[in-house]
Amino acid sequence: MTNTTTHNPRGLSPQGDADPRVGLASAIALGGAAIASVDPVQLGHPTPCTEFAVRDLLGHMVFVLRRVAAVGRGEDAFAVAPTSHVADTGWVEAWNEAAQRVELAWANPGVLQRVMVLPFGELPGAAVATFYTGELTIHTWDLAAATEQRPEWDDGIVASTLFAFERFLPPTRAPEIPFDPPVAISGDRPLIERLVAWTGRRP
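Reading the values: the criteria
- Residues numbered from 1 in each chain as written.
- Predicted model: local features only at pLDDT ≥ 70, side-chain atom pairs only at ≥ 80, totals over all residues.
- Heavy atoms only, no water.
- Helix = DSSP H or I, 4+ residues; strand = E, 2+ residues; numbered from the N terminus.
- Rg over C-alpha atoms; globule rule 2.2 N^0.38 Å.
- Buried < 20%, exposed > 50% of the residue type's maximum accessible area, 1.4 Å probe, protein only.
- Areas by Shrake-Rupley, 256 points an atom, 1.4 Å probe, with all protein chains shown as cover.
- Lys, Arg positive; Asp, Glu negative; His and termini not counted.
- Charge placed at Lys NZ, Arg CZ, Asp CG, Glu CD.
- Axes fitted to C-alpha atoms, helices over the stretch in contact; angles between N-to-C directions.
- Parallel < 35°, antiparallel > 145°, perpendicular 65-115°, else oblique.
- Left-handed = near helix turned anticlockwise from the far one by under 90°.
- Contact = heavy atoms within 4.5 Å.
- Nonpolar A, V, L, I, M, F, W, Y, C, P; charged D, E, K, R; others polar.
- Core = buried A, V, L, I, M, F, W, Y, C linked by side-chain atoms within 4.5 Å.
- Pairing = 2+ DSSP bridges.
- Phe/Tyr/Trp six-rings, centres within 6.5 Å; stacked < 30°, edge-to-face > 60°.
- Lys NZ or Arg CZ within 6 Å of the ring centre and 35° of its normal.

A count of helical and extended segments in the protein gives 6 helices and 2 strands. For the protein, the sequential pattern of α-helices and β-strands runs α-α-α-β-β-α-α-α. Against the globule reference of 17 Å for 203 residues, the protein gives a C-alpha radius of gyration of 16 Å, in line with a compact fold. Scored against the burial criterion, the 203 residues of the protein give a buried share of 51%. About 9800 Å² of surface is accessible on the protein, with carbon and sulfur atoms providing 53% of the total. Taking the 15 positively charged and 23 negatively charged side chains of the protein as two groups, their mean positions are separated by 3 Å.

Right under this line is the structure:
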């Protein structure tokens, strides 16, 4: 894949000068609410991410959040270890701890201009915030679908994320892109369904 800094480096979104950390914080809050609503008996249920059961998906979501905190601190994204040793009753605590680290790491507005190195390329912080807003939103949808939840999606954030992902993620995906090719659905479907379909889910 080419260096992703060539793709709308202002933030991958139509928000202009809007602070992408607002969307990131909203996605984190919504993900936390979904995690808090998981019944322990659902932890072994399958999810739209075929390689993950619910327990695995929770681990991946916490891992993503820890990586967001790490890159915000200027640390190596590749050094963040996969989530392990979380008790079945400990997911909310693990999520909240990681969320607090993200808030601290991204508190300085200057983080939005700093170039960060991710597994798939280099992006300024504003674009990283937008990308991870999308990834967390998509995985919250995965979790909700697996556990029969109906989150109240923020259509403004979802629309901005969809705009970004349609430009950032080409229909033909290189192996390092962490999403499957898009699934064709009608353009009049809800925004959240259009977003997850663009990342290979079947809403």
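On to the packing of helix H2 (residues 54-72) against helix H3 (residues 91-105). For the pair H2 and H3, the least separation of the axes is 8 Å and the interaxial angle reads 20°. In this view, H2 runs roughly parallel relative to H3, as classed from their interaxial angle. The handedness of the crossing between H2 and H3 comes out as left-handed. Facing Arg55, Leu58, Gly59, Met61, Val62, Leu65, Arg66, Val68, Ala69 and Gly72 of H2, the residues of H3 in contact are Trp91, Ala94, Trp95, Ala98, Ala99, Arg101, Val102 and Ala105. The class makeup of the residues in the contact of H2 with H3 is 13 nonpolar, 2 polar and 3 charged.

Okay, helix H6 (residues 191-198) next. Looking only at H6, the buried set comprises Ile192, Leu195, Val196, Ala197 and Trp198. Each element contacted by the buried residues of H6 is listed here: helix H4 (125-147) and helix H5 (155-168). Looking at the residues trailing H6, positive phi occurs at Gly200, about 95°.

What follows deals with the nonpolar core. Formed by 62 residues in total, the largest nonpolar core has its most connected members in Trp106, Leu143 and Phe165. Elements that contribute at least two residues to this core include exactly helix H1 (20-36), H2, H3, strand E1 (115-118), H4, H5 and H6. For this core, the leading source of residues is H2, giving 12 residues. Setting aside residues up to four positions removed in sequence, Leu143 forms contacts with Ala34, Ile35, Val38, Val54, Leu57, Leu58 and Met61.

A word on the packing of H2 against H4. Where H2 meets H4, the axes come as close as 11 Å, and the angle between the chain directions of the two elements is 165°. Taken as axis vectors, H2 and H4 run roughly antiparallel relative to one another. Crossing handedness for the pair H2 and H4: left-handed. Residues Val54, Leu57, Leu58, His60, Met61, Val64, Leu65, Arg67, Val68 and Val71 of H2 form the contact with H4, whose participating residues are Val128, Tyr132, Glu135, Leu136, His139, Thr140, Asp142, Leu143, Ala146 and Thr147.

Moving on, we get to the pairing of E1. Along any regular strand, the residues point their side chains to alternate faces of the sheet. Burial of the side chains of E1 is restricted to one face: Met116 and Leu118 are buried, whereas none of Val115 and Val117 on the reverse face is. In terms of strand pairing, E1 meets strand E2 (residues 121-124) through 4 bridges, oriented antiparallel. Residue Val117 lies in a different strand from E2, and its bridge partner there is Glu122. In sequence, E1 turns back onto E2 through a hairpin of 2 residues.

To continue, consider the packing of aromatic side chains. One pass over the full model with this rule turns up 5 aromatic pairs. A centroid spacing of 5.3 Å and a plane angle of 75° characterise the contact between Phe131 and Tyr132, whose relative ring orientation is edge-to-face. Aromatic rings pair up to connect Phe131, Tyr132, Phe165, Phe168 and Phe179 into one cluster. In this structure, Arg167 is placed above the aromatic ring of Phe163, and the distance from its NZ or CZ to the ring centre is 3.6 Å.

By themselves, these are just geometric observations and shouldn't be taken as functional.
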